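Working through the structure, step by step
Each chain, written out:
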Amino acid sequence: MTPLLAEWPRTHYVAGGNNPFLIYVVYGWVDLDRPLSRSAYRSSGVPDGIDLLSYGPTEHPDVVRRFRTGHPWTRLIAEDPDLAAIVAAQDCCLVVKGDIADPRTLSYFRDVIGLLAFCLDVGGVAIYDPQMLKWWSPTEWRTRAFNVGHCAPRHHVVTLISPDGDGTEWVHTRGMRKFGRPDLSIHRLRTEHREAILDLVNRFIDLLAFGARVPDGQPIRLAGLPAGMTCWRRGDENDPDFNNEHIETVWPEAGTGAAVPSPQASR
């Protein structure tokens, strides 16, 4: 009898969001002929809408090289040279890619997390996540993704802090497209509001990943932040800062309590 898998609920689900889009790159020769144990990997296998695409020495080798470039790759070489050397020696990779039709649960994500753990056990040596610009070692994937046993959205979304042009900071995320929801952006952050804004971002990551939607003009009410902040949806998946839509949270204009647009990112 096929074992039943516990659903990963989406407790704030509201219909009408975008389709979750997933893309992961597993380096190494992955033996997909090996059977995947549903119970061991808590996975029903490949979800509808997801494709597995193998690349190697004679099949589009440019794809294998493509992800070993840019800042994430340079950072991996600096921070984990042993893993970088293992990845650099590979001439094969498996791309796990596709979208899911506005799902009411997060079980599609459970399936893919388990599928990727399986891939690491049958030949994979590392996972690259282009959406959060992160390389995962096998140990980190098992510890922070698979062994958690439930959906931990903050482990799959990165929060970045960049300098803004006027001496303030820009807080922004990458990775929310995995859940079919917009990323987050707050410009003009000053030091006195940093802790409260990071708290706000974490709350939004969880709320949105579990299915909520934020309407344009939604006010922000959170201790430590001024009254009059509001949220506005901007951008699309072609925006290189997010590869996704995003919610811009704007500050109130000084002395009025009315929100004014923050500058669009030009990075």
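Above: the structure in question.
Right, let's walk through the structure included here. In this convention, every chain numbers its residues from 1, walking through the sequence in written order. Per-residue local features of the predicted model are confined to residues with pLDDT of at least 70, and side-chain atom pairs are confined, for both listing and counting, to 80 or more; whole-chain, interface and lining totals are unaffected and use all residues. Side-chain descriptors were evaluated using all non-hydrogen atoms of the structure, hydrogens and water having been removed beforehand.

What to know about the overall build of the protein
For the protein, the count of helices and strands is seven helices and 11 strands. With C-alpha atoms as the basis for the radius of gyration, the globule rule is written as 2.2 Å multiplied by the number of residues raised to the power 0.38. At 20 Å, the protein has a C-alpha radius of gyration in line with the 18 Å of a compact globule built from 267 residues. Expressed as a percentage of its 267 residues, the buried residues of the protein come to 51%. Long-range contacts, defined as pairs at least 24 residues apart, comprise 69% of the intrachain contacts of the protein with a sequence gap of at least 6. Neither His nor the chain ends contribute to the count of charged residues, in which Lys and Arg are positive and Asp and Glu negative. By convention, charge coordinates are those of NZ in Lys, CZ in Arg, CG in Asp, or CD in Glu. Separation of charge centres in the protein, based on 28 positive and 33 negative side chains, amounts to 3 Å. Only DSSP runs of H or I reaching four residues or more are called helices, and only runs of E reaching two or more are called strands; each is numbered from the N terminus. For every residue, the accessible area obtained with a 1.4 Å probe (protein chains only) is divided by the maximum for its type, and the residue is called buried under 20%, exposed over 50%, and partly exposed between those limits. Any pair of residues with heavy atoms lying within 4.5 Å of one another is described as a contacting pair.

Focus: the packing of aromatic side chains
Any two of the Phe, Tyr and Trp rings considered here, Trp counted by its six-membered ring, make a pair once their centres fall within 6.5 Å; the pair's planes then place it as stacked at under 30 degrees, edge-to-face at over 60, or tilted in between. Summed over all chains, the structure comprises 11 aromatic pairs. Linked through ring pairs, Tyr27, Phe67, Trp73, Tyr128 and Trp135 together constitute an aromatic cluster. Look at NZ for Lys and CZ for Arg. If either is within 6 Å of the ring centre and within 35 degrees of the ring normal, a charge sits over the ring. For the cation-ring pair, Arg42 lies above Phe146, with the distance from its terminal atom to the ring centre recorded as 4.2 Å. The lysine or arginine in question, Lys134, covers the ring of Trp136, its NZ or CZ lying 4.9 Å from the ring centre.

As for the sheet that holds strand S8 (residues 183-189)
If you walk across this open sheet you meet the six strands as S6-S7-S8-S11-S10-S9, and the pairing is mixed. A single partner strand is all that each edge strand has here, and the edge strands are strand S6 (158-163) and strand S9 (218-219). Note on pairing: two strands pair once DSSP finds at least 2 bridges between them. Summarising the sheet, strand S10 (residues 230-234) and strand S11 (residues 246-250) pair through five bridges and their orientation is antiparallel. Within S11, the position partnered with Trp232 by the bridge is Glu248.

Some points on the environment of Cys92
Within the element layout of this structure, Cys92 appears in the loop between helix H4 (81-88) and strand S3 (93-99). Taking the C-alpha atoms as reference points, Cys92 and Ala212, separated by 120 residues in sequence, lie 38 Å from one another. The contact partners of Cys92, leaving out residues within four places of it in the chain, are Val26, Tyr27, Gly28, Trp29, Tyr55, Gly56, Pro57 and Val64.

Structural notes on the pattern of salt bridges
What makes a salt bridge here is a side-chain nitrogen of Lys or Arg within 4 Å of a carboxyl oxygen of Asp or Glu, nothing more. In this structure the tally under the stated criterion is 10 salt bridges. A salt bridge links Asp62 to Arg66; the shortest N-O distance between them is 3.6 Å. Here Arg66 and Asp62 lie together in helix H2 (residues 61-66), a separation of four residues that amounts to about one turn. Judged by its relative accessible area of 47%, Arg66 falls in the partly exposed class.

Remarks on H4
Residue pairs three or four apart in sequence face the same way in an α-helix, which turns once every 3.6 residues. Every buried residue of H4 is listed here: Leu83, Ala84 and Val87. Down the axis of H4, the sector holding all buried residues measures 100 degrees, keeping them to one side. Where H4 is buried, its residues contact strand S1 (21-27), helix H3 (70-79), strand S4 (126-129) and strand S5 (134-136). It is the directions from the helix axis to the C-beta atoms that the arc portrays.

Considering the nonpolar core
Throughout, nonpolar core names a set of buried Ala, Val, Leu, Ile, Met, Phe, Trp, Tyr and Cys residues whose side chains join them through atoms within 4.5 Å. Counting residues in hydrophobic clusters, the biggest one holds 54 residues, and the most contacted among them are Tyr24, Phe109, Trp141, Phe179, Ile197 and Leu225. Residues in contact with Leu225, not counting those within four places in the same chain, are His193, Ala196, Ile197, Leu200, Ile220 and Trp251. Membership of the second largest hydrophobic core comes to 19 residues, among which are Leu83, Ala84, Val87 and Trp135.

Quick look at the layout of surface pockets
Its boundaries defined by the atoms lining it, the largest pocket holds a volume of some 370 Å³. Grid points spaced at 1 Å over the protein atoms alone were grouped into cavities, where a 1.4 Å probe fits but cannot get out, and pockets, open sets with protein on both sides within 12 Å along at least five of seven lines, with lining residues defined by an atom within 4 Å of a point. Together, 17 residues line the largest pocket, and Phe21, Ile23, Phe67, Lys97 and Pro130 are the ones closest to its centre. Sorting the residues of the lining of the largest pocket by element identifies S1, strand S2 (50-55), H2 and S3 as the ones contributing at least two each. For the lining of the largest pocket, the per-class residue count stands at 10 nonpolar, two polar and five charged. Grid points are joined across faces, edges and corners, and a volume is the space filled by probe spheres set on the points. The volume enclosed by the second largest pocket comes to roughly 210 Å³. Around the second largest pocket, the lining is made up of 11 residues, and of these His71, Arg75, Leu133, Leu160 and Arg174 lie nearest the centre. When contributions to the lining of the second largest pocket are tallied by element, the ones reaching two or more residues are H3, S6 and strand S7 (169-174). Under the scheme applied here, ten amino acids are nonpolar (Ala, Val, Leu, Ile, Met, Phe, Trp, Tyr, Cys and Pro), four are charged (Asp, Glu, Lys and Arg), and all others, including Gly, are polar.

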